[in-house]
Amino acid sequence: MIDFKKKIAEEISKTVNIEKEEIETYIEKPIDNKNGDYAFPCFRLAKELKKAPPIIANEIKEKIELDTSIIEDVQVVGGYLNFYINKETITKEVLKEISKTEKYGKTNIGNGKNIVVDYSSPNIAKPFHIGHLRSTVIGGALYNIYKYLGYNVTGVNHLGDYGTQFGKMIEAYKMWGSEYDLSEDAINKMVDMYVRINNLCKEDEAVLERCRENFKLLEEGDKYCTELWEHFKELSLKEFDKIYDILGVKFDSLNGEAFYSDKTDEVVEMLKEKGKLTESEGAEIVDLADEGIETPCIIKKANGSTIYATRDLAAILYRARTYDFDKCLYVVAYEQNLHFKQIFAVAKYLVDEKYYKGLIHVSYGMVQLPTGKMSTRLGNVVKIEDLITETIEKAKEIITTKNPELENKDEVAKKVGIAAIIFNTL
Ligand code: ARG
């Protein structure tokens, strides 16, 4: 591997008549790589050279002779010289190192430390869309990186498998189940059923009442409802697994929201005991104004049911106890920034400092389509399977025009297409 730092020090040294060894000790790595890959602060030389740092920086820049195949560019910012290394060269160098050893960059800084990565986390009976793809790819990469650094990593797919909508799904299945062959394209058909039952609920209060009843039965562990719910879950996972296989991601736990449904009582109790629970319009909330968060965190709705946040709080408690995590990462779009701010603040009343300080929301930008924001409800979603198929087809098209003689075009197109999706996301 080229020693970039040494090369920079050598070249600087020639311009100022100071030993390159000394120069090298001054070279820093900027925190933000906008300021270069290496930076040389000229403050250290100001006394010796009796000049202001920005003047020194400019003089060095004038005199320095750089091999652009190694150092692409140098910029003066105040008293600093910022050096940018040649991207193509570093890429080649890294690839060379990787081919020599499988352990390139590997360390054991994570030994004895536990990391939980909560990622992907789609909702069952709903399509896996581009938003979930981002979480899957970013979370999968974090998972691999932490593992590589010796951490003990637990990948959790916090499935959205709980909520009143399953009462509706059960009713829809009871009414029209025989019309749908769920052995193929199950998710689309479930979405269709869901849209249908929702429309009917709007017209007919009696149907809505039956849906509520189903959900109650499901919560109480009724056999028929539970089996049906499990069936929906299985069908969804079968389709999700196809995508996970293609992307090469794996999970250590599939404990989703439903897993925590019987673990929320403890959360409510603990908050009550600490005097943190207050009533507001019939709902039970935790006021977070003192934390600088204007919107309180709802723990129980006016009808007594818990919400997404309550289950996430139960999950924090469970993960602290089960995994004894040093960090728990949530790879979820920025749309949920407020949700995580709220639950992290409430977590202070539930777990020790070690745990609540280790909670991190890995927020990323949402995907906007030319047609606006994605919404399952409005039918404005791009299905990830379609995206993958299209990308692979595009790759094949390019191969066919640019490299028509290539053998195993399909195999290459598949690899290139999938890599394009992964690395574009990253
Ligand atoms: N199911 C949620 C969604 O699709 C994401 C869940 C993220 N994880 C969590 N622990 N809240 O929006």
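First, a word on what this report is: a plain description of the structure on this page.

The rules behind the values
- Residues numbered from 1 in each chain as written.
- Predicted model: local features only at pLDDT ≥ 70, side-chain atom pairs only at ≥ 80, totals over all residues.
- Heavy atoms only, no water.
- Helix = DSSP H or I, 4+ residues; strand = E, 2+ residues; numbered from the N terminus.
- Rg over C-alpha atoms; globule rule 2.2 N^0.38 Å.
- Buried < 20%, exposed > 50% of the residue type's maximum accessible area, 1.4 Å probe, protein only.
- Contact = heavy atoms within 4.5 Å.
- Areas by Shrake-Rupley, 256 points an atom, 1.4 Å probe, with all protein chains shown as cover.
- Salt bridge = Lys/Arg side-chain N within 4 Å of Asp/Glu carboxyl O.
- Expected span 1.5 Å × (residues − 1).
- Pairing = 2+ DSSP bridges.
- Axes fitted to C-alpha atoms, helices over the stretch in contact; angles between N-to-C directions.
- Near = heavy atom within 4 Å.
- Polar contact = N/O pair within 3.5 Å; in protein donor to acceptor, adjacent residues only side chain to side chain.
- Parallel < 35°, antiparallel > 145°, perpendicular 65-115°, else oblique.
- Nonpolar A, V, L, I, M, F, W, Y, C, P; charged D, E, K, R; others polar.
- Patch = residues over 30% accessible without salt bridge, like charges linked within 9 Å, V, L, I, M, F, W, Y side chains within 5 Å.

## What to know about the overall build of the protein
Line of reasoning, step 1. Summing up its helical and strand segments, the protein has 16 helices and 12 strands in all.
Line of reasoning, step 2. Its C-alpha atoms give the protein a radius of gyration of 28 Å, clearly above 22 Å, the size a compact globule of 426 residues would have.
Line of reasoning, step 3. Projected onto its principal axes, the C-alpha positions of the protein cover 90 × 65 × 40 Å.
Line of reasoning, step 4. For the protein, the residues scored as buried account for 45% of the 426 residues in total.
Line of reasoning, step 5. The contacts in the protein between residues at least 6 apart in sequence include a share of 66% that link residues at least 24 apart.
Line of reasoning, step 6. Accessible area for the protein stands at about 23,500 Å²; split by element, carbon and sulfur atoms hold 50% of it.

## Some remarks on the pattern of salt bridges
Line of reasoning, step 1. Evaluated as defined, the whole model comprises 23 salt bridges.
Line of reasoning, step 2. In this structure, Lys34 engages Asp32 in a salt bridge whose closest nitrogen and oxygen atoms are separated by 3.8 Å.
Line of reasoning, step 3. Overall, Lys34 belongs to the exposed group, its relative accessible area being 64%.
Line of reasoning, step 4. Under the relative-accessibility criterion, Asp32 is labelled partly exposed at 35%.

## Observations concerning helix α1 (residues 4-16)
Line of reasoning, step 1. With 13 residues, α1 should cover 18 Å at 1.5 Å per step; its first-to-last C-alpha distance of 19 Å lies within 8% of that length.
Line of reasoning, step 2. Two residues or fewer after α1 comes Asn17, characterised by a positive phi angle close to 65°.

## Here we look at helix α7 (residues 165-176)
Residue pairs spaced three or four apart in an α-helix point in one direction, given the helix's 3.6 residues per turn.
Line of reasoning, step 1. With 12 residues, α7 ought to run about 16 Å at 1.5 Å a step, and its terminal C-alpha atoms sit 16 Å apart, in line with that.
Line of reasoning, step 2. Along α7, the residues classified as buried are Phe166, Gly167, Lys168, Met169, Ile170, Glu171, Ala172 and Trp176.

## As for the sheet that holds strand β8 (residues 297-300)
Line of reasoning, step 1. Taken together, the three strands give an open sheet; going across it, the order is β6-β7-β8, and neighbouring strands pair in antiparallel fashion. Strands with a single pairing partner mark the edges of an open sheet, and in this sheet they are β6 (277-280) and β8. Looking at each pair of strands side by side, their axes are set apart by 45° on average, direction ignored.
Line of reasoning, step 2. Of the strand pairs in this sheet, strand β7 (residues 283-286) and β8 are connected by three bridges, and their pairing is antiparallel. Within β8, the residue paired with Glu284 across the bridge is Lys300.

## Focus: the site of the ligand
Line of reasoning, step 1. Surrounding the ligand, one finds Asp118, Ser121, Asn123, His132, His158, Tyr308, Asp312, Tyr330, Val332, Gln336 and Phe340.
Line of reasoning, step 2. Asp118 places a polar side-chain atom, nitrogen or oxygen, 2.7 Å from a nitrogen atom of the ligand.
Line of reasoning, step 3. Within the side chain of Asp312, an N or O atom sits 2.8 Å from a nitrogen atom of the ligand.
Line of reasoning, step 4. Alone, the ligand offers 350 Å² of accessible surface; in the complex the protein occludes 89% of this.
Line of reasoning, step 5. Sorting the residues of the shell around the ligand by element identifies α12 (308-323) and β9 (327-333) as the ones contributing at least two each.

## Quick look at the pairing of strand β1 (residues 38-41)
Line of reasoning, step 1. Burial along β1 is two-sided: the face carrying Tyr38 and Phe40 and the face carrying Ala39 and Pro41 are both buried.
Line of reasoning, step 2. For β1 and strand β3 (residues 80-85), the ladder comprises four bridges, and the chain directions are antiparallel. By the bridge assignment, Pro41 is partnered in β3 with Tyr80.

## Describing the packing of α7 against helix α8 (residues 186-203)
Line of reasoning, step 1. Following both chains from N to C, one finds α7 and α8 inclined at 95°, their axes separated by 9 Å at the closest point. On the basis of their axis angle, the class for α7 and α8 is roughly perpendicular. In this structure, α7 contributes Gln165, Lys168, Met169, Glu171, Ala172, Tyr173, Met175 and Trp176 to the contact, and α8 contributes Met190, Met193, Tyr194, Arg196, Ile197, Asn198, Leu200 and Cys201.
Line of reasoning, step 2. Grouping the amino acids of the contact of α7 with α8 by side-chain chemistry returns 11 nonpolar, two polar and three charged.

## What to know about a nonpolar patch on the surface
Line of reasoning, step 1. Taken together, Phe43, Val77 and Tyr80 make up a surface patch of nonpolar side chains, about 270 Å² in accessible area.
Line of reasoning, step 2. Structurally, Val77 is set in strand β2 (residues 71-77).

## Digging into the sheet that holds β9
Line of reasoning, step 1. Within the open sheet, the four strands sit side by side as β5-β4-β9-β10. Their pairing is parallel. Lying at the two open borders of the sheet, with one neighbouring strand each, are β5 (152-156) and β10 (359-364). Taking each pair of neighbouring strands and ignoring which way they run, the sheet shows an average axis angle of 20°.
Line of reasoning, step 2. Relative to β5, strand β4 (residues 114-118) is paired through five bridges, and the arrangement is parallel. Across the sheet, residue Val116 finds its bridge partner in β5, namely Thr154.
Line of reasoning, step 3. Contacting β4, β5, β9 and β10, helix α6 (residues 130-148) crosses the sheet at an angle of about 155° to β9.

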